[in-house]
Each structure stands twice: as structure tokens, then as C-alpha cells.
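# Examining the three-dimensional arrangement
Given next are the chains, with one letter for each unit.
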Amino acid sequence: MKQFLLSGFVIAASLSIHAQETFNFFDPADCDENGWLWLDSAEKIAKYVGKDRKIQLLNAPYQIDDPEFPGETIFPASFADPEVKGFNTSGEAGGEGSKTGALVLAAAEGRGWFDYQGGGMLIHLPDCYSYDVVLSSVEPSIYTEIHGARSYVEAKDCQYIWNEADPNFLNPDDGPLTTEHYVEYLNVQEHKYDLSFGEGDTRDYLTFAGEKGENRTTVFYNRVAAPLYVHAVRIKTFTDVSGNNDDLMAGVEEAVAGVNTLTVSGKVVYSASPTTISVYNTAGSKVASVYGTSLDCSGLPSGIYIIRGGKDTLKVVF
């Protein structure tokens, strides 16, 4: 019989700014005493889930035959349902210990590297200290994938960060997890991706977590070959936007609509997705170029430069 693994995990940075005050990304009045937003009511789903809400659901990117219209294809859909029954540790839907109400992320095409991921949830954050979820599935193990960006962008413009089946390695001090465990929350290290590809002495890591005021686009994908149930979300930020759903999302929509995929921090140029980044001096000569998501310009003398990447152009002073 298929079994089930209910797992929660935190994507939290080990930052020197831990002492800073943090806030619940969601209205505390809608959360339990531990800060979890449970997706178990139509009111909470209407308030937080949708195109112009804090949580945006993504359909699976691969296509399947539409049984109602032979010859046509559809993208498997994700949805939210306050009455859907999750699975317990015995793999029983609605059994003892299971949760009711969830974001149901569409099944992935398969579990291999060359299969498409399933549905997901996209959340734009003003900054991020920690990101936790409670999950369940009929599958015997959870397989997820996360993408992100340092600014407000669409899901397609996010960078891969991490994916893994069976979160055994997440908390090695406690030993491997098994399907007999009910794990609501794991206090784990940050997940990060080295955008520098190991070249040079300076590492360029992309994470969900970031300093105050560092915008984040976060995307959480299902990689299970079955629907994945997200029963609860808990996110802590350094900027208090807990009761600011409409105003925050209006700002996000404006930023995404006019997004420049190139950004500059110090003397490092970042692109939201891999592209050729080129730097020109005022005489029009190319002085630096790389294909990737970042270019360190610290070796260039001070002055005015033109940066081009994809369809974007920036004029900067280093």
C-alpha cells in the first residue's frame, strides 16, 4: 500500500541579523498561535490566494490530452480547497492525524531530471527571514523544487535554487526521516544555489532569505507524480506587511509589469535569468562580458558604463 510523508521545512538563513525584529507575512489574526496560516477556510483562501493575492497558484507547465476535447491539450491545474482531505502517515485521505484544507499543487509529469515539474505557488516578499510549509501526499515521499529571484519577477524569470526527494538530509542531527514520522516543521539550514558556479573567490549565492528590504520572488514547485497538498504556510519577514495585502500586491504588480531583469548591487550586475551580460565604456568598447546570471565588475576603474543583457540596458556609475 502506498504510504505518506507529511513534512514541513523551513528555508531560513543563518544571518547575522537574526536579532532583528521579524513579522508574520500574513495577518496574525488569520494564523494560529505558532504563526501558521492554515488553508482551511474559504475566507482565508479568498483573502490570500489568487492572481492579485499574496499567494499565486501556478499550473503545471507540461501539457496533457484534454478528455473533453480530443486532440487538444491542457496544462494540469492547481487549485485551493478548504474542504479537501489530506493524508496521514498511513497514506489514508482524511485519516487520523490528517489535515483538512489545502492548496493542491498539480502533479508533476514524473520524478526524473528530464520530467517537467508540477504546479506551484509563487509568493512575492518584501524580504525574507524564514519560509515554512506543511505538506502531504499519497506518495511515500515528498519531492519539491524551489526557484527564486532577487526582485519581483514572474515565475519564468526565476532561477533554480534547490530540489530533492526525501528530506532526510535536512536535519541530520536527528537522523533520517521515515514515513512513520509526522513532521510539521524542520529547523534547517538555508537552501542556496551558487550562481558563480565555483569560479573565483567570491561566491554569489541565491536564497529565499535576505536582508531587510531585499525583495524576493519565491516559487515552490511540486515534483511528486501526484498532487501535493500544502496545508499551511508560515513566512517571517523583516518588513511588516501582515495587514497590507492589497497595497503590497499593487506594488508587486507594478514592479513586475515594468520589471528590468538587470539589477546592480555594488559593482555586481545581476540578471533574473541566464543571458549574455555585457559592459561597455562611454567610448562604446566592450570591457566585460559573461553568459550567466551575474557579472562582477569590481575590476573595472571608476566611471560611467552601459550594461546590456537580453533586451535590457542600464546606465550606471561605478
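Before any of the text, the structure's been laid out above.
Please read all numbers here as calculations on a predicted model, not as lab measurements. (Residues numbered from 1 in each chain as written. Predicted model: local features only at pLDDT ≥ 70, side-chain atom pairs only at ≥ 80, totals over all residues. Heavy atoms only, no water.)

## What about the nonpolar core?
Going by this rule: To define a nonpolar core, start from buried Ala, Val, Leu, Ile, Met, Phe, Trp, Tyr and Cys residues and group those joined through side-chain atoms within 4.5 Å. Only protein chains enter the accessibility calculation, which uses a 1.4 Å probe; a residue whose area is less than 20% of its type maximum is buried, one above 50% is exposed, and one in between is partly exposed. Numbered from the N terminus, helices here are DSSP runs of H or I no shorter than four residues, and strands are runs of E no shorter than two. Only heavy atoms matter for contacts: two residues are in contact if any of them lie within 4.5 Å across the pair.
Counting residues in hydrophobic clusters, the biggest one holds 34 residues, and the most contacted among them are F26, M121, Y131 and F220. Elements represented by at least two residues in this core include exactly helix 1 (42–48), strand 8 (100–105), strand 9 (120–125), strand 10 (130–136), strand 12 (159–165), strand 16 (228–237) and helix 2 (245–257). Among the elements that make up this core, the one with the highest residue count is strand 16 (4 residues). Residues contacting F26, with those up to four places away along its chain left out, are C31, L37, Y48, K54, I55, V233, I235 and S242. A288, Y305, V316 and F318 belong to the second largest nonpolar core, which has 13 residues in total.

## What to know about the environment of A155
Along the chain, A155 falls in the loop between strand 11 (143–149) and strand 12. Look at A155 and you get buried, because its relative accessible area is 16%. Note: C-alpha distance between A155 and V219 (64 residues apart in sequence) is 6.7 Å. Apart from the residues within four sequence positions on either side, A155 is in contact with L58, L122, V219 and Y221.

## A few points about the pattern of salt bridges
Under the convention used in this document: Take a side-chain nitrogen of Lys or Arg and a carboxyl oxygen of Asp or Glu: if they are within 4 Å of each other, that pair is a salt bridge.
According to the stated counting rule, one finds 8 salt bridges in the structure shown. Among the salt bridges present, the one from R223 reaches E145, with a minimum N-O distance of 3.5 Å. Of this pair, R223 sits in the loop between strand 15 (216–222) and strand 16 while E145 sits in strand 11, and the two are 78 residues apart along the sequence. Overall, the relative accessible area of 7% leaves E145 in the buried class. Salt-bridge contacts for R216 lead to E214; the nearest nitrogen and oxygen are separated by 3.3 Å. The class of R216 is buried, set by a relative accessible area of 6%. A residue is classified by how much of its surface remains accessible, and E214, at 32% relative accessible area, is partly exposed. What emerges from the salt-bridge pattern is a single network uniting D27, D30 and K47.

## Examining the environment of V252
Here V252 is to be found in helix 2. The class of V252 is buried, set by a relative accessible area of 1%. Taking C-alpha positions, V252 is 9.7 Å from K54, a pair spaced 198 residues apart along the chain. In this structure, V252 is in contact with H124 and Y152, ignoring residues within four places of it in sequence.

## Re the packing of aromatic side chains
Under the convention used in this document: Here a pair means two rings of Phe, Tyr or Trp (six-membered ring of Trp) with centres within 6.5 Å. Their orientation is stacked below 30 degrees between planes, edge-to-face above 60, and tilted elsewhere. Geometrically, a charge over a ring is one whose NZ (Lys) or CZ (Arg) sits within 6 Å of the ring centre while staying within 35 degrees of the ring normal.
Taken as a whole and judged by the stated rule, the model has 6 aromatic pairs. Ring geometry for W36 against W38: centres 6.3 Å apart, planes inclined by 45°, an arrangement best described as tilted. Take W38: its relative accessible area is 13%, and that puts it in the buried class. Aromatic pair F87 and Y229: ring centres 5.5 Å apart, planes at 80°, arrangement edge-to-face. Residue F87 is found in the loop between strand 7 (79–85) and strand 8, and its partner Y229 is found in strand 16; the two are separated by 142 residues along the sequence. Neither F87 nor Y229 differs from the other in exposure class; each is buried. Here a set of aromatic residues connected by ring pairs shows up, and it is made of F25, F26 and Y48. K54 extends its terminal NZ or CZ atom over the ring of F25, reaching a point 4.3 Å from the ring centre. Here the guanidinium or amino end of R150 rests over the ring plane of Y270, the centre of that ring lying 4.1 Å away.

## Structural notes on the pairing of strand 10
Definition in use: Any two strands are treated as partners once DSSP identifies two or more bridges connecting them.
Burial analysis of strand 10 places 7 of its 7 residues in the buried class, the great majority of the element. Side chains S130, D132, V134 and S136 project from strand 10 onto one buried face, and the interleaved Y131, V133 and L135 project onto a second face that is buried too. Sheet topology note: the strand 10/strand 16 ladder contains 7 bridges and is antiparallel. Note on strand 16: the bridge partner recorded for V134 is A232.

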